[in-house]
Amino acid sequence: MSRRFALKTFFYILLIALAIVYLLPVYLMVITGFKPFDQVDLKTMWALPTTGLHIDNFIAGYKQLAPNLNNSLMMVIPEAILSALLGSFNGYLLAKWKFRGSNLIFSLILFGMFIPYQSILIPLVKFMQFIKLYGDLPGLVLVHIIYGIPITTLIFRNYYAGIGTEILEAARIDGASLMGIYRYIMFPLSAPSFAVVIIWQFTQAWNEFLFAVILTNQAHWPVTVALNNLAGSQLVQWNVLMAATLLAALPTLLVYIFLGRYFLRGLMAGALKG
Amino acid sequence: MYHRFELRIPQFILALVLMLVGAASLFILSNTQLIISGRNLTSIGLLIGGLVLYSGVLVIVAMFNNETILSIAMLLPSIVAVAIFVYGFIGWSLRVSLSKWKGLNPDYTWVGLQQYYNLFNNDPRFIIDIRNTAMFTVGFIFGCLIIGLGLAILLDQRLKGEALFRGIFLFPMSISFIASGVVWGWLMNPATGNRITGINLIFQKLGLTSLISLWHSTPQPWGMAFTVIPAVWQLSGFTMALYLGGIRSISEDLREAARVDGASEIQIYRYVILPMLQPVTLSAVIILGHMSLKIFDLIVALGNKAISLDVPGIYMWVTTFDGTNYAQGAAIGILMLISVAILVVPYLIQNMRTETEL
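Residues numbered from 1 in each chain as written. Chains lettered and ligands numbered in written order. Predicted model: local features only at pLDDT ≥ 70, side-chain atom pairs only at ≥ 80, totals over all residues.

### Some words on the overall build of chain A
When helices and strands are counted, chain A shows 11 helices and 0 strands. Along chain A, helices and strands appear, N-terminal first, in the series α-α-α-α-α-α-α-α-α-α-α. Taken over C-alpha atoms, the radius of gyration comes to 23 Å for chain A, far larger than the 19 Å a tight globule of 274 residues would show. When the backbone C-alpha atoms are referred to their principal axes, chain A occupies close to 75 × 70 × 30 Å. Intrachain contacts of chain A at a sequence separation of at least 6 include 79% that bridge at least 24 residues. (Helix = DSSP H or I, 4+ residues; strand = E, 2+ residues; numbered from the N terminus. Rg over C-alpha atoms; globule rule 2.2 N^0.38 Å. Contact = placed C-beta atoms within 7 Å.)

Now the structure itself:
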């Protein structure tokens, strides 16, 4: 029994040590953010703030990133909602109305999820310039929706595939049509899936960098591009940078903390279990 | 099942209205521009007009009572979008990579595989990229698998606070590679002497001076190995979740049976659980592998486009959009695609086959 106890203690010590390591970057961002300007020194980087909590760094960081946080928000909200609706249609049709070749079509769509976007970047830029959506947020929203089709379709398809066909057969006998079944049976059942997909697309688009940096001009930069730019400039103090980074990461962190269950389901769907 | 056309008057009127509105908006927008608060949204307007017109067509198609055709027709917009934006654009990129397009004006003069030949034979930077990607991929996959499996086994011990620990190991996944790169850039600060800071400062305070490191500023090829640290920080929790899911899906009866047969806990993991986790490992390798072959933003934020930490994703960006060498950029993009396809396509085909059997 005591051997088991010793083992358990060892496990706890190991887990706690690992947890501290994993939390180190966040600890640094938080304590640096709350220090007053005169206490910021690379030598005392790890020390807690000694003269109370100050939010000057966060204010300075917010001033740097405010327009970009707004850009990201304006881009991500329509993107996540429209993506989810589209994915829900596709997933429903591919799960419940299979036709010859529908599995092949699904696999071909799915491949779009894995491609390195560098391999389509030149045509994409030329095309966006041609349709005059280059440089601004609506174009970025469109691009995120289109390249989001594979993952959103996958998540919804797996979800709908898990709903029994009996309910569908019964509805068909009662004369419900393809759209009727979606509207009155499938859609009302899809709330959990919508949560998963909206959260997933929100996080993805918020964190995305390549499309954002290539397809938008400076006035419309989302927060990832602005943050990278801020980090590369010599004009910004590192303490302000830490606070700004925390602000840029905060929306997805909060989503994770409060809606982590759904976030995890999105992750697992991304692991291709279907 | 019967297929016959059934004219339903209300739906028919709806279809006519949709088609009329769609066609009218297409007609108007092709002659004028749609400007909303200073933004030229003509193309978005055309897209919506087209979709409205198409939805009218769908209402008519629905009257034929043939669900297969309706299903295909409803999928068509997404299929077309993917066909153009994924496959069409890949084809277009491929064509650019076989040209000598350099400079802002497109030049599609055919040069065959010249761009690819140059990358492999006359381009030291691309060779560095390959070496760096290989280093990163190996370190990243092994790091995530070993730490992920270790964490999963630790959390499988039914300790108190399991959910909390799981959350702590998983949260870095929700942060962008850019934010992660910025913070880790400061943690892995290579400054020494009296400017020592970051993790090196902790090592110094703890007396572990032998661990003080130049991190990703270490001379190549080993500097690249340190860029794996933030990546593993972000995705080992994900790997842990995959493994933990796998372990928990193994029935307790099986473990109990092994215990009755006299197997120790370690033997149970070694001979019962690990072999059963092979499919999880395969999925994890494919997901992590395709991420690392594409790695881009993390290295941008960490290395600030330093050549020593260059990867194909960054080289493609720089050579195309800073150097306007479109043909070379396209060739790098296509090579990245091929490397990912080699990893992913067999898996997708396998996945499709098992589904068809079901």
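### Brief notes about the overall build of chain B
The helix and strand tally for chain B stands at 16 helices and 2 strands. Here the C-alpha radius of gyration of chain B, 28 Å, is well above what a compact globule of 358 residues would show, namely 21 Å. If you line up chain B on its principal axes, its C-alpha atoms span 80 × 65 × 45 Å. Taken across its 358 residues, chain B has 39% of its residues classed as buried. Sequence-distant contacts in chain B: of pairs separated by 6 or more residues, those separated by 24 or more amount to 69%. (Buried ≥ 20, exposed ≤ 12 C-beta atoms within 10 Å, placed from the backbone.)

### A word on the environment of Gly260(A)
Tracing the backbone through its elements, the reader meets Gly260(A) in helix H11 (residues 238-270). Sequence-wise, Gly260(A) and Val196(A) are 64 residues apart; in three dimensions their C-alpha atoms are separated by 9.7 Å.

### Quick notes on helix H13 (residues 278-293) of chain B
If you check H13(B), its first and last C-alpha atoms are 22 Å apart, about what 16 residues at 1.5 Å a residue would give, namely 22 Å. Along H13(B), the positions that sit buried rather than exposed are Val280(B), Ala284(B), Ile287(B), Leu288(B), His290(B), Met291(B), Ser292(B) and Leu293(B). (Expected span 1.5 Å × (residues − 1).)

### With respect to the packing of helix H10 (residues 223-232) of chain A against helix H7 (residues 177-187) of chain B
Their axes nearest at 9 Å, the elements H10(A) and H7(B) cross at an angle of 20°. With respect to H7(B), the axis of H10(A) lies roughly parallel. The two elements H10(A) and H7(B) cross, and the hand of that crossing is left-handed. Contacts between H10(A) and H7(B) involve Thr224(A), Leu227(A), Asn228(A) and Ala231(A) on the former and, on the latter, Ile178(B), Ala179(B) and Val182(B). (Axes fitted to C-alpha atoms, helices over the stretch in contact; angles between N-to-C directions. Parallel < 35°, antiparallel > 145°, perpendicular 65-115°, else oblique. Left-handed = near helix turned anticlockwise from the far one by under 90°.)

### Topic: the interface of chain A and chain B
Facing 77 residues of chain A, the contacting portion of chain B comprises 83 residues. The element that contributes the greatest number of residues to the side of chain A that touches chain B is H11(A), accounting for 14 residues. Partitioning the side of chain A that touches chain B into residue classes produces 58 nonpolar, 15 polar and 4 charged. (Nonpolar A, V, L, I, M, F, W, Y, C, P; charged D, E, K, R; others polar.)

### Let's talk about the domain arrangement of chain B
Residue and element names in this part refer to chain B. Split into domains, chain B comes out as domain 1 (9-97) and domain 2 (117-357). Listed by partner, the interface residues are 5 residues for domain 1 and 7 residues for domain 2. In terms of residue class, the side of domain 1 that touches domain 2 is made up of 3 nonpolar, 2 polar and no charged. (Domains from an automatic or database assignment.)

### Looking at the domain arrangement of chain A
All names here are of chain A. Segmentation of chain A into domains returns domain 1 (1-54) and domain 2 (65-270). The C-alpha-based centres of domain 1 and domain 2 are spaced at 34 Å. On the domain 2 side, the residues contacting the 7 residues of domain 1 number 5 residues. When the residues that make up the side of domain 1 that touches domain 2 are grouped by side-chain class, the tally is 4 nonpolar, 2 polar and 1 charged.

### Things to note about the packing of helix H2 (residues 56-96) of chain A against helix H5 (residues 137-161) of chain A
Residues and elements named next belong to chain A. Their axes nearest at 6 Å, the elements H2 and H5 cross at an angle of 35°. Where H2 crosses over H5, the handedness of that crossing is right-handed. Broken down by class, the residue content of the contact of H2 with H5 amounts to 19 nonpolar, 10 polar and 3 charged.

### So, helix H8 (residues 198-205) of chain B
Residues and elements named next belong to chain B. For H8, the set of buried residues is Gly198, Ile199, Asn200 and Leu201. Looking at the buried side of H8, the elements it contacts are H7. Following H8 by one or two positions, glycine 207 adopts a phi angle in the positive range, close to 80°.

### Comments concerning unusual backbone geometry
Residues and elements named next belong to chain B. Unusually for a residue other than glycine, tryptophan 215 sits at a positive phi of about 50°. Tracing the sequence through the fold places tryptophan 215 in the loop between H8 and helix H9 (222-226). The residue threonine 324 is not glycine, and still its phi comes out positive at about 45°. Checked against the element boundaries, threonine 324 lands in the loop between helix H15 (312-322) and helix H16 (326-357).

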